[in-house]
Amino acid sequence: IRKQLIEQGANPRTTHIEYFANQVPIHIAHIRKSLKTEFTGGRLRQLRNRLKNLEKEAYRVILRKKVTHEWWLRFNFRLARIMSGFATNMRENIDTSSLSFFPIMVIIPAIQTKEGLGIITFNRAGLEGIYPAGLINQKTKMADGNTLSAPDFFIHDIFHFYAGGNQLYLEYSAGQRLFHKRLLDNIERLPQEKRKKAEAVYFSMTHEYGSRNIGYSDRTPEKMKEDIKKHIGEEDISGFFKLPDDLPERQKKIEDLTDIFMAVYNQTLQHQR
């Protein structure tokens, strides 16, 4: 998608983007199919009418060929507000200053099921400067140990855009991008169970690691290993790694996760595949 936008020479505030226009009915259907399971009675009727009005508005925008990146972000936020039970137009704006990073970094609204988008999606998308913003069709969903409403969940994902993830594009370096690409390529070559663990550690050390980039470090491999062990132990606030309560078993699993990741990390540092 990002490559298409670049080739199109798209302006995020003024260019009609056909891909987003084609996604409109899909995102509306995603919300519509769950309204009746999340709401009842008069509130359900209100929200269905609100969605119908929003759908009519969207098709007018499509006909005028005004489906811009900015409009698409705002539209998905408005869908999220309907899912949380808001039936009015009040306070439906979100901060779109992220568009100033376009096309180096791009937020793409994405339908998210109860199972989530998956960490591999985030790991590969982040490498390309893409940050998915999840549109859920539930009233609430857990994220980073917190129960968030549908609009707050959408905004939470946008916050990760500003947090920088693996910072490949905030401090761009061709060498660093190649390091991350080589690292992910090497992770893909692992046996399935080891790959799952390595992908999880990579996700935690990039998507959930603030503005620090594991590829921009003068830390020795030994220090990196200690940092990863500490991070996994302290940041498993939402049960991401499903660490056991038993302390010895917990430490054993942290060691296993860290050793699997460090093996492929060191392999990548040595420019090996």
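Coordinates for the structure precede this section.
Residues numbered from 1 in each chain as written. Predicted model: local features only at pLDDT ≥ 70, side-chain atom pairs only at ≥ 80, totals over all residues. Heavy atoms only, no water.

Engineer: Please explain the packing of helix H3 (residues 41–63) against helix H4 (residues 69–83) as it appears in this structure.
Structural biologist: The N-to-C vectors of H3 and H4 enclose an angle of 170 degrees; their axes lie 10 Å apart at closest approach. With respect to each other, H3 and H4 are oriented roughly antiparallel. For the pair formed by H3 and H4, the contact residues are Leu 47, Arg 50, Leu 51, Leu 54, Glu 57, Ala 58 and Val 61 on the first element and Trp 71, Phe 75, Arg 78, Leu 79 and Ile 82 on the second. A breakdown of the residues in the contact of H3 with H4 according to their chemical character gives nine nonpolar, no polar and three charged. (Axes fitted to C-alpha atoms, helices over the stretch in contact; angles between N-to-C directions. Helix = DSSP H or I, 4+ residues; strand = E, 2+ residues; numbered from the N terminus. Parallel < 35°, antiparallel > 145°, perpendicular 65-115°, else oblique. Contact = heavy atoms within 4.5 Å. Nonpolar A, V, L, I, M, F, W, Y, C, P; charged D, E, K, R; others polar.)

Engineer: Before we go on, may I ask you to explain the pattern of salt bridges in this structure?
Structural biologist: A side chain with one charge may pair with a side chain of the opposite charge, provided their charged atoms come close. Summed over all chains, the structure comprises 15 salt bridges. A salt bridge links Glu 188 to Arg 124; the shortest N-O distance between them is 3.0 Å. One end of the pair, Glu 188, is in helix H7 (residues 174–188); the other, Arg 124, is in helix H5 (residues 119–127), and 64 residues separate them in sequence. The partly exposed category is assigned to Glu 188, whose relative accessible area is 38%. Notably, a salt bridge pairs Arg 124 with Glu 199, separated by 2.5 Å at the nearest N-O pair. A residue pair is termed long-range when its members are at least 10 positions apart, and Arg 124 in helix H5 and Glu 199 in helix H8 (residues 192–206) qualify at 75 residues. Note on accessibility: Arg 124 and Glu 199 belong to one class, buried. Overlapping salt bridges bring together Arg 124, Glu 188, Arg 195 and Glu 199 as one network. (Salt bridge = Lys/Arg side-chain N within 4 Å of Asp/Glu carboxyl O. Buried < 20%, exposed > 50% of the residue type's maximum accessible area, 1.4 Å probe, protein only.)

Engineer: Is there a simple way to think about the packing of H5 against H8 in this case?
Structural biologist: Describing two packed helices takes the angle between their axes plus the distance from one axis to the other. As a packed pair, H5 and H8 sit with axes 9 Å apart at the nearest point and diverge in direction by 55 degrees. If you check the angle between H5 and H8, you find them oblique. Along this stretch, H5 crosses H8, giving a crossing that reads as left-handed. Contacts from Ile 119, Ile 120, Phe 122, Asn 123 and Arg 124 in H5 reach Arg 195, Lys 196, Glu 199, Ala 200, Tyr 202, Phe 203 and Thr 206 in H8. Within the contact of H5 with H8, the residues separate by chemical class into six nonpolar, two polar and four charged. (Left-handed = near helix turned anticlockwise from the far one by under 90°.)

Engineer: For this particular structure, what's the right way to read the nonpolar core?
Structural biologist: The tendency in soluble globular proteins is for nonpolar side chains to be buried as a group. One finds Val 24, Ile 31, Leu 35, Trp 71, Phe 75 and Leu 79 to be the most contacted residues of the largest nonpolar core, which totals 36 residues. Mapped by element, the contributors of at least two residues to this core are helix H2 (18–38), H3, H4, strand S1 (106–112), strand S2 (130–136) and helix H6 (150–163). Ignoring anything within four residues of it in the chain, the contact list for Trp 71 reads Val 24, Ala 58, Val 61 and Lys 66. Counting residues in hydrophobic clusters, the runner-up holds 23 residues, among them Leu 184, Val 201, Leu 257 and Tyr 265. (Core = buried A, V, L, I, M, F, W, Y, C linked by side-chain atoms within 4.5 Å.)

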